[in-house]
Amino acid sequence: MATVNDSWTEQMRRGGLELAILLTVAPGTRYGLEIIRHLQEFTDLVVTEGTIYPILGRLARDGMLKAEWQAAAAHPRKYYTLTAAGRRRLRGMVEDWREFASKIDRLVQAAGKEAANEPL
């Protein structure tokens, strides 16, 4: 979807990516490519390996994710699991996200009422 300000859209996307990753890992252990595929299939977010692996590494260093190499059929994969600290952070992030989105929605609705015949 093209927007008036692709830079702003990219900033917004990057800002929500950590939350999207934590939400993807919350139900259970996943490896990197599986996270990428889930984000693309479930949300249409296209995330490259060059974008996701540094975030996964940082989240693991920060104690939000546990990273563990496991032998797979063809080759070993690093699997990521949400830690207790990661679950607390995720709960806080979801709460913050909902509060922020609610405030923006109120502004959008108010702008729509004020603009009357000028839809946003």
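Quick note: structure is the one above.
Heads up: these notes are all about the structure in this document. Bear in mind the structure is a predicted one, so any value in this text is a computation, not a measurement. (Residues numbered from 1 in each chain as written. Predicted model: local features only at pLDDT ≥ 70, side-chain atom pairs only at ≥ 80, totals over all residues. Heavy atoms only, no water.)

## Description of the pattern of salt bridges
Here comes step 1: With the rule as written, the count across this model stands at seven salt bridges.
Here comes step 2: Residues Arg13 and Glu10 are paired through a salt bridge, measuring 3.6 Å at the closest nitrogen-oxygen approach. Highlighted residues: Arg13 and Glu10, both in helix H1 (residues 6–25), separated by three residues, approximately one helical turn.
Here comes step 3: Residue classification places Arg13 among the partly exposed residues on the basis of a relative accessible area of 23%.
Here comes step 4: Its relative accessible area of 30% is what places Glu10 among the partly exposed residues.
Here comes step 5: Notably, a salt bridge pairs Arg58 with Glu18, separated by 3.1 Å at the nearest N-O pair. A residue pair is termed long-range when its members are at least 10 positions apart, and Arg58 in helix H3 (residues 49–61) and Glu18 in helix H1 qualify at 40 residues. (Salt bridge = Lys/Arg side-chain N within 4 Å of Asp/Glu carboxyl O. Helix = DSSP H or I, 4+ residues; strand = E, 2+ residues; numbered from the N terminus. Buried < 20%, exposed > 50% of the residue type's maximum accessible area, 1.4 Å probe, protein only.)

## With respect to the packing of H1 against helix H2 (residues 32–43)
Here comes step 1: Their axes nearest at 10 Å, the elements H1 and H2 cross at an angle of 105°. If you check the angle between H1 and H2, you find them roughly perpendicular. Each of Leu17, Ala20, Ile21, Thr24 and Val25 in H1 lies in contact with H2, whose residues at this interface are Ile35, His38 and Leu39.
Here comes step 2: For the contact of H1 with H2, a count of residues per class yields six nonpolar, two polar and no charged. (Axes fitted to C-alpha atoms, helices over the stretch in contact; angles between N-to-C directions. Parallel < 35°, antiparallel > 145°, perpendicular 65-115°, else oblique. Contact = heavy atoms within 4.5 Å. Nonpolar A, V, L, I, M, F, W, Y, C, P; charged D, E, K, R; others polar.)

## Some points on H3
Here comes step 1: In this model H3 runs 18 Å from its N-terminal to its C-terminal C-alpha over 13 residues, within 8% of the 18 Å that 1.5 Å per residue would give.
Here comes step 2: Backbone geometry just downstream of H3 places Gly63 in the positive-phi region, at approximately 80°. (Expected span 1.5 Å × (residues − 1).)

## As for the nonpolar core
Here comes step 1: Within the largest apolar cluster, 21 residues are counted, with the highest numbers of intra-cluster contacts made by Ile21, Leu39, Ile52 and Leu65.
Here comes step 2: Going through the elements one at a time, H1, H2, H3, strand S3 (77–82) and helix H4 (84–115) are the ones with two or more residues in this core.
Here comes step 3: With six residues, H1 is the largest single contributor of residues to this core.
Here comes step 4: Residues in contact with Ile21, not counting those within four places in the same chain, are Leu39, Ile52, Ile55, Leu56 and Leu59. (Core = buried A, V, L, I, M, F, W, Y, C linked by side-chain atoms within 4.5 Å.)

## A short note on a nonpolar patch on the surface
Here comes step 1: On the surface, Phe100, Ile104, Leu107 and Val108 cluster together into a nonpolar patch covering about 380 Å² of accessible area.
Here comes step 2: Looking at where Leu107 falls in the secondary structure, it is placed in helix H4. (Patch = residues over 30% accessible without salt bridge, like charges linked within 9 Å, V, L, I, M, F, W, Y side chains within 5 Å. Areas by Shrake-Rupley, 256 points an atom, 1.4 Å probe, with all protein chains shown as cover.)

## Looking at the packing of aromatic side chains
Here comes step 1: Throughout the structure, instances matching the rule amount to one aromatic pair.
Here comes step 2: Between Tyr31 and Tyr79 the ring centres are 5.4 Å apart and the planes differ by 75°, which places this aromatic pair in the edge-to-face class. With Tyr31 in strand S1 (residues 30–31) and Tyr79 in strand S3, the pair connects residues that are 48 residues apart, well separated along the chain.
Here comes step 3: Above the plane of the ring of Tyr31 lies Arg77, whose end atom (NZ or CZ) is 4.2 Å from the centre. (Phe/Tyr/Trp six-rings, centres within 6.5 Å; stacked < 30°, edge-to-face > 60°. Lys NZ or Arg CZ within 6 Å of the ring centre and 35° of its normal.)

So yeah, pure geometry; function would need other evidence.
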